[in-house]
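# Report on the structure
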Amino acid sequence: MGMFYWDPTYILVLAGMVICLGASAMVNSAMRKYSKVRNGGGITGAEAARRILNNEGLYQVQIECLKSGSGDHYDPRTNTVRLSYDNYNQPSVTAVGVAAHECGHAIQHAKGYAPLNFRSALVPVANIGSRLGMPLILLGVILSWNQVLIEIGIWAFALAVLFQLVTLPVEFNASARAVAKIDQYGLLSAEETRGCKKVLTAAAMTYVAAAASAILQLLRLVLLFGGNRRRDD
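What comes next is a walk through the structure. (Residues numbered from 1 in each chain as written. Predicted model: local features only at pLDDT ≥ 70, side-chain atom pairs only at ≥ 80, totals over all residues. Heavy atoms only, no water.)

### Structural notes on the sheet that holds strand 2 (residues 73-75)
The three strands lie next to each other as 1-3-2, forming an open sheet whose pairing is mixed. Two strands bound the open sheet, and with one partner strand each, they are strand 1 (62-65) and strand 2. Each strand axis lies, on average, 25° off the axis of its neighbour in the sheet, ignoring direction. Judged from the three bridges that link them, strand 2 and strand 3 (residues 80-83) form a sheet pairing that is antiparallel. Bridge pairing in strand 3 places Tyr74 opposite Val81. The strands that helix 2 (residues 45-55) touches are strand 1 and strand 3; relative to strand 1, the one it contacts most, it runs at about 170°. (Pairing = 2+ DSSP bridges. Helix = DSSP H or I, 4+ residues; strand = E, 2+ residues; numbered from the N terminus. Axes fitted to C-alpha atoms, helices over the stretch in contact; angles between N-to-C directions. Contact = heavy atoms within 4.5 Å.)

What follows is the structure in structure tokens.
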């Protein structure tokens, strides 16, 4: 049973943690830096979002202000761009960049962007996979290494990993759309746009890190439990 306390595959878990921590530190640093840089037009995140959405003909998309510290996101179910308190109210480079990124998701939704639709369809199965994957694997081990349960658990976890991978093109495309619309509608100067790109690139790296960490964790599960690994000791 020592496997449950330490085995060489824990290196994969530690590598995933290091990757995620590094990406998180990078995005926090970039966002903090450019949240202190006021954009020349004095445009808040909410104003930038409304301008982009209106110019795209998306008047029906609502913009809501979240409590401070809450995560910025676009909700396709209610057609709403939700911005954290600071990004909603502050006229910073970060605020405009983040708002434009979330508007990028709204534009994807309006245009029927295929990867976004695929990701949305994956949400329920990915949630089930992330919740049931490990319990099924552990139950299989407890029941004398029941390989059927173990493999179902691994496949369930793989669905959650697939969701992370599908998220990558969705997020990168939303950032590309954000920069294009910022430039098209003159929301930031050339210098400010360069700072905005740094913020969005750092944010994108967190999704890359999450996907890499999930792949490493899946690999560990396959190495530990995949195949006929019943132990009689």
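### Overview of the nonpolar core
By size, the foremost hydrophobic cluster in this structure holds 31 residues, and its most contacted members are Leu53, Val61, Val81, Ala106, Ile182 and Leu187. Of all the secondary structure elements, the ones that give two or more residues to this core are helix 1 (10-35), helix 2, strand 3, helix 4 (93-111), helix 6 (147-184) and helix 7 (190-225). Counting residues per element, this core draws most heavily on helix 4, at seven residues. Look past the residues within four positions of Val61 in its chain and what remains in contact with it is Arg50, Leu53, Tyr74, Asn79, Thr80, Val81 and Ala106. Core analysis: the second largest hydrophobic core is formed by twelve residues, Trp145, Ile150, Phe157 and Ala214 among them. (Core = buried A, V, L, I, M, F, W, Y, C linked by side-chain atoms within 4.5 Å. Buried < 20%, exposed > 50% of the residue type's maximum accessible area, 1.4 Å probe, protein only.)

### So, the environment of Ile142
Note on placement: Ile142 falls in helix 5 (residues 114-142). Look at Ile142 and you get exposed, because its relative accessible area is 65%.

### Looking at a nonpolar patch on the surface
A contiguous nonpolar surface patch, about 450 Å² in accessible area, is contributed by Phe118, Val125, Leu159, Leu162, Leu165 and Ile215. At the level of secondary structure, the elements contributing two or more residues to the nonpolar patch comprise helix 5 and helix 6. The element contributing the most residues to the nonpolar patch is helix 6, with three residues. Among the secondary structure elements, Leu165 is positioned in helix 6. (Patch = residues over 30% accessible without salt bridge, like charges linked within 9 Å, V, L, I, M, F, W, Y side chains within 5 Å. Areas by Shrake-Rupley, 256 points an atom, 1.4 Å probe, with all protein chains shown as cover. Salt bridge = Lys/Arg side-chain N within 4 Å of Asp/Glu carboxyl O.)

### Focus: the packing of aromatic side chains
Applying the stated criterion across every chain yields a total of one aromatic pair. Considering the side-chain rings of Trp145 and Phe225, the 5.8 Å spacing of their centres and the 40° angle between planes classify their relative orientation as tilted. Of this pair, Trp145 sits in the loop between helix 5 and helix 6 while Phe225 is found in helix 7, placing the two residues 80 residues apart along the sequence. Take Trp145 and Phe225: they sit in the same class, and that class is buried. The aromatic ring of Tyr113 is capped on one face by Arg177, whose charged end is 5.4 Å from the ring centroid. Between the NZ or CZ atom of Arg220 and the centre of the ring of Tyr10, over which it lies, the distance is 4.2 Å. (Phe/Tyr/Trp six-rings, centres within 6.5 Å; stacked < 30°, edge-to-face > 60°. Lys NZ or Arg CZ within 6 Å of the ring centre and 35° of its normal.)

### Quick word on the side chain of Ser213
Among the structural elements, Ser213 can be located in helix 7. The contact partners of Ser213, leaving out residues within four places of it in the chain, are Gly16 and Cys20.

### Topic: unusual backbone geometry
Despite not being glycine, Asn79 shows a phi value in the positive range, around 55°. Looking at where Asn79 falls in the secondary structure, it is placed in the loop between strand 2 and strand 3. Classification of Asn79 by relative accessible area gives buried; the value is 19%. Even without a glycine there, the phi angle at Ser144 is positive, about 55°. Of note, Ser144 is situated in the loop between helix 5 and helix 6.

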